[in-house]
Protein chains: 2
Amino acid sequence: MAYPYPQPLQELIQAFSRLPGVGAKAAQRLAFHLLAEGREDARRLADALLTAVEAVHPCPVCGNYTDAARCAICEDPQRDRSLLCVVSGVADILSMERSGRYHGLYHVLGGVISPMDGIGPEQLRVADLLQRVRSGGIREVILATDPTMEGETTALYLAKKLKPLGVAVSRPAHGMPVGGSLAYTDEATLEQAFRNRRPL
Amino acid sequence: MAYPYPQPLQELIQAFSRLPGVGAKAAQRLAFHLLAEGREDARRLADALLTAVEAVHPCPVCGNYTDAARCAICEDPQRDRSLLCVVSGVADILSMERSGRYHGLYHVLGGVISPMDGIGPEQLRVADLLQRVRSGGIREVILATDPTMEGETTALYLAKKLKPLGVAVSRPAHGMPVGGSLAYTDEATLEQAFRNRRPL
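Below, the structure is looked at part by part.

So, how was this worked out
Residues numbered from 1 in each chain as written. Chains lettered and ligands numbered in written order. Predicted model: local features only at pLDDT ≥ 70, side-chain atom pairs only at ≥ 80, totals over all residues. Heavy atoms only, no water. Contact = heavy atoms within 4.5 Å. Buried area = accessible area lost by both parts, 1.4 Å probe. Salt bridge = Lys/Arg side-chain N within 4 Å of Asp/Glu carboxyl O. Helix = DSSP H or I, 4+ residues; strand = E, 2+ residues; numbered from the N terminus. Nonpolar A, V, L, I, M, F, W, Y, C, P; charged D, E, K, R; others polar. Buried < 20%, exposed > 50% of the residue type's maximum accessible area, 1.4 Å probe, protein only. Pairing = 2+ DSSP bridges. Axes fitted to C-alpha atoms, helices over the stretch in contact; angles between N-to-C directions. Arc of directions from axis to C-beta. Core = buried A, V, L, I, M, F, W, Y, C linked by side-chain atoms within 4.5 Å. Least-squares fit on C-alpha atoms with pLDDT ≥ 70 in both. Patch = residues over 30% accessible without salt bridge, like charges linked within 9 Å, V, L, I, M, F, W, Y side chains within 5 Å. Areas by Shrake-Rupley, 256 points an atom, 1.4 Å probe, with all protein chains shown as cover. Parallel < 35°, antiparallel > 145°, perpendicular 65-115°, else oblique. Left-handed = near helix turned anticlockwise from the far one by under 90°.

To continue, consider the interface of chain A and chain B. You'll often see interface size given as the accessible area lost when the parts meet. Taken together, the 52 residues of chain A in the interface contact 53 residues of chain B. Interface of chain A and chain B: buried area, both sides summed, is about 4900 Å²; carbon and sulfur atoms make up 71% of it. As a salt-bridge pair, aspartate 41 of chain B and arginine 18 of chain A come within 3.7 Å of each other at their nearest N and O atoms. Of all the secondary-structure elements, those providing two or more residues to the side of chain A that touches chain B are α1 (7-17), α2 (24-36), α3 (39-55), β2 (65-66) and α5 (90-99) of chain A. For the side of chain A that touches chain B, the element with the most residues is α3 of chain A, which contributes 14 residues. Within the side of chain A that touches chain B, the residues separate by chemical class into 33 nonpolar, 8 polar and 11 charged.

Structure, rendered in structure tokens:
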């Protein structure tokens, strides 16, 4: 018995199920929704996809997404150009900007060092980072890779490369998350939180 | 501080988050994935969306999706044209076809009667169904709406309309799911399973 769906519907379901986190059932539900009640949404999504892949590219300076020659943050005259925050991905910039507490510039690595996955410094925007620091004007580099093993390794590697260039190098504090509870905090975090305790 | 993403990226995230079951975080993850490593996937998804909304429409006979004048099942000469299975949605056809046990035709209602949501028989493909049965050749109608309150109501309503037309009307059996456990079966299902017990 042949599959009862017409070819274009099968292809739509397959295209959805290629997306990360979208299983076969969800892909089918999405396709059915768009055909049943969301034909306008489907056209809008198709337009948005084509426009985005056409217009959006990494900022040549920092790696943030932009549809211009440079990204909005690099172009913003209000930002502190002496402060550089190194993050692994573009999504990290959004989290930082949401906090509203950081006013320096960014540098997106495009990942973290992970020998298991064959990712070394050459696969990341490390040479760009060093070049950027060498060309001057930067006072401090904050290494804000995730507090995972790969993130720590990457931060240590970058610190070793950056310090000889005469910039301050720092890393965000580890500790208990705000609103967290001691009972549910893992040992490694607790250990860091106690070691880095501050006088009141 | 302005949102740091370029307009086309914001629009892509918004288009994704309009889809059912896709939250703001997931929409962002999808957009980032497609821009970072899936530009070909993005173009393929856009193509699939445009082709599907253009080419795929409900079969005028049964309501199944098709890109032709009639759907593959209605056109299949192997199917038993005297047997009609009434389902609430197109997705139900896939489940039925996967079981591989049904070889009749289908009729998609496009929902179930639900006065709370303002859905009565006029909002469903009920007149089409009665017309289809009246035009002859159908021996039995199986009312396979879901075993929910609305599904039961819809089945009872259709049974009342169909029986005077001289066709057999049936409903799939209720009972314990295959592979289920008595301890985890709800009371209503257990009651039906015991009432409809079969001699061995």
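Per the stated rule, a full pass over the model turns up 14 salt bridges over all chains. For arginine 43 of chain A, the salt bridge identified is with glutamate 40 of chain A, shortest N-O distance 3.7 Å. In this pair, arginine 43 of chain A and glutamate 40 of chain A are both assigned in helix α3, 3 residues apart and thus about one turn of the helix distant. Using a relative accessible area of 49% as the deciding quantity, one classes glutamate 40 of chain A as partly exposed. Residues participating in the shared-partner salt-bridge network are Arg18 of chain A together with Asp41 and Arg44 of chain B.

Here the focus is the sheet that holds strand β3 (residues 80-87) of chain B. Residues and elements named next belong to chain B. Spatially, β4-β3-β5-β6 is the arrangement adopted by the 4 strands of the open sheet, whose pairing is parallel. The sheet is open, and its two borders are formed by β4 (104-108) and β6 (168-170), each paired with just one other strand. Between one strand axis and the next, the sheet turns through 25 degrees on average, direction left out of account. Running over the sheet, helix α5 (residues 90-99) touches β3 and β4 and is turned about 155 degrees from β4. Packing against the sheet, helix α7 (residues 149-162) makes contact with β3, β5 (140-143) and β6, and its axis sits at approximately 165 degrees to β5.

This part takes up α5 of chain A. Buried residues of α5 of chain A: Val90, Ile93, Leu94 and Glu97 of chain A, and no others. In an axial view of α5 of chain A, the angular spread of the buried residues amounts to 100 degrees, which keeps them on one side of the axis. In this structure, the buried residues of α5 of chain A make contact with β2, α4 (72-75), β3 (80-87) and β4 (104-108) of chain A together with α2 (24-36) of chain B. A positive backbone phi angle near 70 degrees is found at glycine 100 of chain A, which sits one or two residues after α5 of chain A.

Okay, the nonpolar core next. Ranked by internal contacts, the top residues of the largest apolar core, which has 115 residues, are Phe16 and Leu49 of chain A together with Phe16 and Leu49 of chain B. Dropping the residues within four chain positions of it, phenylalanine 16 of chain A is found in contact with Val22, Ala27, Leu30, Ala31, Leu34 and Leu45 of chain A together with Leu19, Leu45 and Leu49 of chain B.

As a further point, take the sheet that holds β4 of chain A. Residues and elements named next belong to chain A. In space, the 4 strands of this open sheet follow the order β4-β3-β5-β6, with parallel pairing throughout. Two strands close off the open sheet at either side, each with one partner strand: β4 and β6 (168-170). Ignoring strand direction, the axes of neighbouring strands in this sheet form an average angle of 25 degrees. As judged from the 5 bridges shared by β3 and β4, these two strands associate in the parallel manner. In the sheet register, valine 86 faces β4, and the bridge partner there is histidine 107. On the sheet, α5 packs against β3 and β4 and is oriented at approximately 155 degrees with respect to β4.

What follows covers the pairing of β5 of chain B. Residues and elements named next belong to chain B. As judged from the 4 bridges shared by β3 and β5, these two strands associate in the parallel manner. Directly across from cysteine 85, in β5, lies its bridge partner isoleucine 142. The sheet contact formed by β5 and β6 spans 3 bridges and is parallel. Residue glutamate 140 lies in a different strand from β6, and its bridge partner there is alanine 168.

Moving on, we get to the environment of leucine 182 of chain A. Residue and element names in this part refer to chain A. Within the secondary structure, leucine 182 sits in the loop between β6 and α8 (187-195). Residue leucine 182 is classed as exposed on the basis of its relative accessible area, which comes to 51%. Counting along the chain gives 81 residues from leucine 182 to arginine 101, while the straight-line C-alpha distance between them is 26 Å. Among all residues touching leucine 182, those that are not within four sequence positions of it are Met176 and Leu190.

Let us look at the relation of the copies chain A and chain B. Mapping chain A onto chain B calls for a screw motion: a turn of 180 degrees about the axis and a shift of 0.0 Å along it, with 0.1 Å RMSD after fitting. Accordingly, the operation relating the two chain copies is best matched by a two-fold axis. Nearest to the rotation axis, the C-alpha of alanine 46 of chain A is located 2.1 Å from it, this being the minimum over chain A. Both copies share a contact surface, since 100% of the interface residues of chain A are interface residues in chain B too.

Glancing now at a nonpolar patch on the surface. A cluster of nonpolar residues, Met176, Leu182 and Phe194 of chain A, forms a patch on the protein surface that exposes about 290 Å² of accessible area. With respect to the element layout, phenylalanine 194 of chain A can be found in helix α8.

On to the packing of α3 of chain A against helix α1 (residues 7-17) of chain B, then. Two numbers describe how α3 of chain A lies on α1 of chain B: the axes approach to 9 Å, and their chain directions differ by 150 degrees. In terms of orientation, α3 of chain A and α1 of chain B fall into the roughly antiparallel class. Here α3 of chain A runs over α1 of chain B; the crossing is left-handed. Residue-level inspection shows Leu45, Ala48, Leu49, Thr51, Ala52 and Ala55 of chain A of α3 of chain A in contact with α1 of chain B, the latter providing Pro8, Glu11, Leu12, Ala15 and Phe16 of chain B. Of the residues belonging to the contact of α3 of chain A with α1 of chain B, the class tally is 9 nonpolar, 1 polar and 1 charged.

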